[in-house]
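So the chains spell out like this:
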Amino acid sequence: MNRSCLCSVLITTALICGAYFIGNAYLAKDFKEKLLRWEITDKMHNITDKMQNATSTSTCENFNKPMGSEALPQGIIAKTSNLETQHLWIYDDTKKKRPNHSISLLAMAVGIKQKELVNKAIQKFPPRDFAVMLFHYDGVVDDWKQYPWNKHAIHVSVMNQTKWWFAKRFLHPDIVAEYEYIFLWDEDLGVDHFNPQRYLSIVKEEGLQISQPALDTTVSEVYHPITARRQKSKVHRRMYKYKGGARCDDNSTNPPCIGWVEIMAPVFSRAAWRCSWYMIQNDLIHAWGLDTQLGYCAQGDRKKNVGVVDAEYIIHYGLPTLGVVETTSSSLRNETDPKSTESLESRKVDYRPEVRMKSSVEMKRFVERWEKAVRDDRCWVDPY
C-alpha cells in the first residue's frame, strides 16, 4: 500500500511538473511574441511622436516671430501699427478698418511761412482716403490750428531737420504698413491741377511702384528734364537727350534717362517704401543721390515700374526754406528813452550755401557707400 501511494505521488508530481514545463514553454513563446509586438508598437509610437514634433517645430519656425518677441504667444504679437488716433474713453467701432477700403499717407516737411501752400495741398487729400503727417522743421505747431484738417493730422516737431531725417525716424515700414501709398512731399508745391484719387488710379493702371506727378514747366523750377510734363500724355518713363554728355535715347537703360524720379515729390507703393526706407542713410539727411538708386526698390523692372504721371501734374516753386535761420541779439535802445534800456533784435542768417554744400558732400558719400556695399556683398547680383 505504501509503495502504491508513493507511486501515485510520484506520477502526480511528474504530471504537474510536465504540465508546468510545457505551459511555461508555451507562455514564454507567447510572451516573446507579445513583447516583440510591444517593441514594434513603441518604435512606431516614437517615430510618430518624432514626426509630430518635427512638424510642430517646422510650423513654429514658419511663424517667423519678430526678433525679441520669441517669449510671446503668436496671437498677442502686434507686428505693425498706424497713425490713426484713438479716443481716450469712447469705443468707436466705426473707426475699424473696412476690409475693402484702403487709405494712403501724405507726409510733408513744413514751415509756417508756407502754410497757404500746405493748406491747399492737404485740402486736395480727403481724410476718408488719406492720413496726414506733418514734420515741422521750424518748431511752430500751434499756429496750424486755424485749419479744420489740423485735428486729424499727426504733428512731429524737431528744429531744422529735413524731410528725409523725419522719414527715416518716423515712417518705419511697420508703422506705415497699413497705407497703400506713401506721398513724401516737399512743402513748396502747387496742386491746382492735381487730384490724388485720379493720380492713384493711373498709378495702379500703369503698375507704377515709384512715381511722381509731372511738373508744369511754364511756372516750375525744373531741375531734371525727366520730371517735365508732356502735353497729351498720361505717363512717361524715359527722357530723351541727344546733345552734350550723358545722352538719353531709346536704348538707354539707366537713370536719369529711365527708371528715375526726383526726391521732391515721390510717391511709393507699400512694398517700394519698405525697400526704400532701408536705403535711406541715417546720417545723410538731404538724401542726394538716393533718387538714382530708387529703381532697385521698384519691385521688378525699373524701366516699367518707375514713371512720371503727366495727366495729374503739379508746380514746383523751388522756394528757399531750410537754411535761413532767425537769430536774436540784444542791443541798447536810445538813451533818451527812460522807459527802456535794452531790446532784442532779430535778424536772418542765410546758411543756404552751406546747406547746398553739405548736400553735395552727402551725395558723394552715398555713392561711395553704395559702391562699397556692392563690392562687399558677394551674394548680391545687380539686376541691371
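Residues numbered from 1 in each chain as written. Predicted model: local features only at pLDDT ≥ 70, side-chain atom pairs only at ≥ 80, totals over all residues. Heavy atoms only, no water.

*Asks:* Mind showing me how you'd approach the overall build of the protein here?
*Replies:* A tally of regular secondary structure across the protein gives seven helices and eleven strands. Taking all 384 residues of the protein together, 35% fall into the buried category. The long-range share in the protein, meaning contacts at least 24 apart out of those at least 6 apart in sequence, stands at 72%. For the protein, the computed accessible surface area is about 24300 Å², with 55% contributed by carbon and sulfur atoms. (Helix = DSSP H or I, 4+ residues; strand = E, 2+ residues; numbered from the N terminus. Buried < 20%, exposed > 50% of the residue type's maximum accessible area, 1.4 Å probe, protein only. Contact = heavy atoms within 4.5 Å. Areas by Shrake-Rupley, 256 points an atom, 1.4 Å probe, with all protein chains shown as cover.)

*Asks:* Is there a simple way to think about the side chain of E362 in this case?
*Replies:* Of note, E362 is situated in helix α7 (residues 352-376). Among buried charged residues, E362 stands out as having no salt bridge; its nearest opposite-charge side chain is K358, 4.0 Å away. Ignoring anything within four residues of it in the chain, the contact list for E362 reads D283, L284, I285, H286, A287 and W288. (Lys, Arg positive; Asp, Glu negative; His and termini not counted. Salt bridge = Lys/Arg side-chain N within 4 Å of Asp/Glu carboxyl O.)

*Asks:* Explain empty space enclosed by the protein to me, please; I cannot follow it from the model alone.
*Replies:* Over the atoms, a rolled probe matching the size of one water molecule traces out where space is still vacant. Inspection of every chain in the model, using the stated rule, returns one cavity of 30 Å³ or more. Lining of the largest cavity is provided by M279, I280, Q281, L284, A287, W288, L290 and F366. Class assignment for the residues of the lining of the largest cavity results in seven nonpolar, one polar and no charged. (1 Å grid on protein atoms, 1.4 Å probe; cavity = no way out; pocket = protein on both sides within 12 Å on 5 of 7 lines; lining within 4 Å. Points joined across faces, edges and corners; volume = space filled by probe spheres on them. Nonpolar A, V, L, I, M, F, W, Y, C, P; charged D, E, K, R; others polar.)

*Asks:* Whenever I open this one, helix α5 (residues 270-279) confuses me. Can you help?
*Replies:* An α-helical segment advances 3.6 residues per turn. Residues three or four places apart therefore align on the same side. For α5, every residue scored as buried is listed here: A272, W273, S276, W277 and M279. Taken around the axis of α5, the buried residues stretch over an arc of 150°, which confines them to a single face. Along its buried surface, α5 packs onto α3 (163-170), β4 (179-185), β6 (210-215), β8 (267-269) and α7. (Arc of directions from axis to C-beta.)

*Asks:* I tried to follow a nonpolar patch on the surface on my own but got confused; where do I start?
*Replies:* A cluster of nonpolar side chains, L88, W89 and I90, forms an exposed patch at the surface whose accessible area comes to about 430 Å². With respect to the element layout, L88 can be found in the loop between α1 (2-63) and β1 (103-110). Of the residues examined, L88 reaches a relative accessible area of 78% and is grouped as exposed. (Patch = residues over 30% accessible without salt bridge, like charges linked within 9 Å, V, L, I, M, F, W, Y side chains within 5 Å.)

*Asks:* Just checking my understanding: could you explain the nonpolar core for this structure?
*Replies:* It is characteristic of soluble globular proteins that their nonpolar side chains tend to be buried jointly. Within the largest apolar cluster, 40 residues are counted, with the highest numbers of intra-cluster contacts made by L105, M133, F135, W164, L171, L184 and W273. Looking at this core, the elements that each hand over two or more residues are β1, β2 (130-136), β3 (154-157), α3, β4, β6, α5 and β9 (306-316). Excluding residues that lie within four positions of it along the chain, L171 makes contacts with L105, A107, M133, F135, F166, V176, L184, W273 and W277. (Core = buried A, V, L, I, M, F, W, Y, C linked by side-chain atoms within 4.5 Å.)

*Asks:* Just checking my understanding: could you explain the pairing of β1 for this structure?
*Replies:* In terms of residue burial, β1 counts as a mostly covered element, since seven of its eight residues are buried. Here β1 pairs with β4 via five bridges, running parallel. Bridge pairing in β4 links L106 to F183. Alignment of β1 against β2, held across seven bridges, turns out to be parallel. Residue pairing for β2: M108 is matched across the bridge by L134. Assessed by its sense of winding, the connection that carries the chain from β1 through helix α2 (residues 115-123) to β2 is right-handed. (Pairing = 2+ DSSP bridges. Right-handed = clockwise from strand over helix to strand, strands pointing away.)

Read these as geometric descriptors, not functional statements.
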